[in-house]
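Residue-level structural notes
This is what each chain is made of:
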Amino acid sequence: MLADLDERFQSAVQAFWDARDRQQQKQVEAGKIDAGTRGAVTGGTQMGALETLLTDVLIAAGLSHKNIRARTGLALPGYYRPEKKWDLLVVADGQLLLAVEFKSQVGPSFGNNFNNRTEEAIGNAEDIWTAYREGRFGQHPPPFLGYFFLLEDCTRVHASVTNAEPYFKVDPLFNGASYARRYEILCQRLVLERKYTAACLTLATKDNPSRVSHPADFLSFRRFAAEAHAYAQAFVNSR
């Protein structure tokens, strides 16, 4: 795999924050009404450097750059809907080899957004796997489905969160779990239940340089990249 993977990952995470700052500043200068936190969200892609890094990991595994898509040609058939655009795709020899989602969550609103991200992640996985079962991607081995999540590392995401429980008790694992812990459980279970082949949960502060960490080794970017690299390499070696 890439010798400088950790250094490039740090730089790619920093590029995420830099892109948000630039987009928010452009909104302010243009006098847009959503020039606050929302301005940083609606300004366009922020995960470009992370997508480029994973692309280079896949090329190092032997894939051709022409088979990797991270800007255009990202739509795949669904089962419950006609199509869905993913963030990074690999289609080679008529086979869907890899599909990855890059998502993030930045404060201050973590509560509702956690539920939205959870529903989105599960729904997207269910949709594509059912489409695969129905033959929308031809008769090929299952693709690598990846879920990358970047969460702002701040005091609020580490604070204990209470559950309403008006009628029934929640899973004890969620009792007092912070949002960081909730995302960790989510990512772990997405892989455990085979909704995704691999998942990465990255916590990163807004500092410059950003302080980057992973709550668990099995959710690290190095592990995530290694699994994608191995999957791609196995395909290349089988041709």
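A brief structural summary. All figures in this text were calculated on a predicted structure; none of them were measured in a lab. (Residues numbered from 1 in each chain as written. Predicted model: local features only at pLDDT ≥ 70, side-chain atom pairs only at ≥ 80, totals over all residues. Heavy atoms only, no water.)

1. Quick notes on the sheet that holds strand β4 (residues 88-92)
The strand order across the open sheet built from six strands is β1-β4-β5-β6-β7-β8, with neighbouring strands paired in mixed fashion. Every other strand in the sheet has two partners, leaving β1 (68-69) and β8 (212-213) as the edge strands with one partner each. As paired elements, strand β7 (residues 198-204) and β8 share two bridges and run antiparallel to each other. Bridging across to β8, Ala204 finds its partner in Val212. In the packing of helix α6 (residues 221-238) onto the sheet, the strands contacted are β4, β5 (95-105), β6 (144-152) and β7, and the crossing angle to β6 comes to about 160°. (Pairing = 2+ DSSP bridges. Helix = DSSP H or I, 4+ residues; strand = E, 2+ residues; numbered from the N terminus. Contact = heavy atoms within 4.5 Å. Axes fitted to C-alpha atoms, helices over the stretch in contact; angles between N-to-C directions.)

2. Quick notes on the side chain of Thr205
Mapped onto the elements of the fold, Thr205 is located in the loop between β7 and β8. A polar side-chain atom of Thr205 sits 2.9 Å from the main-chain amide nitrogen of Arg211. (Polar contact = N/O pair within 3.5 Å; in protein donor to acceptor, adjacent residues only side chain to side chain.)

3. Comments concerning helix α4 (residues 111-133)
Spanning 23 residues, α4 covers 34 Å between terminal C-alpha atoms, matching the ideal 33 Å at 1.5 Å per step. When we look at burial in α4, the residues that qualify are Phe114, Thr118, Ala121, Asn124, Ala125, Asp127, Ile128, Thr130 and Ala131. In this structure, the buried side of α4 is in contact with β2 (75-77), β3 (83-85), β5, β6 and α5 (179-192). Once α4 finishes, Gly135 follows within two positions and takes phi at roughly 85°, a positive value. (Expected span 1.5 Å × (residues − 1). Buried < 20%, exposed > 50% of the residue type's maximum accessible area, 1.4 Å probe, protein only.)

4. Observations regarding the nonpolar core
Core analysis: the largest hydrophobic core is formed by 36 residues, its most contacted members being Leu50, Leu58, Leu88, Phe148, Leu150 and Phe221. Looking at this core, the elements that each hand over two or more residues are α1 (5-30), α3 (48-60), β4, β5, β6, β7 and α6. Look past the residues within four positions of Leu88 in its chain and what remains in contact with it is Glu51, Leu54, Thr55, Leu58, Ile68, Arg69, Ala70, Leu74, Leu98, Ala99, Val100 and Phe102. Ranked by size, the runner-up nonpolar core spans 31 residues in total, among them Ala99, Leu151, Leu190 and Ala199. (Core = buried A, V, L, I, M, F, W, Y, C linked by side-chain atoms within 4.5 Å.)

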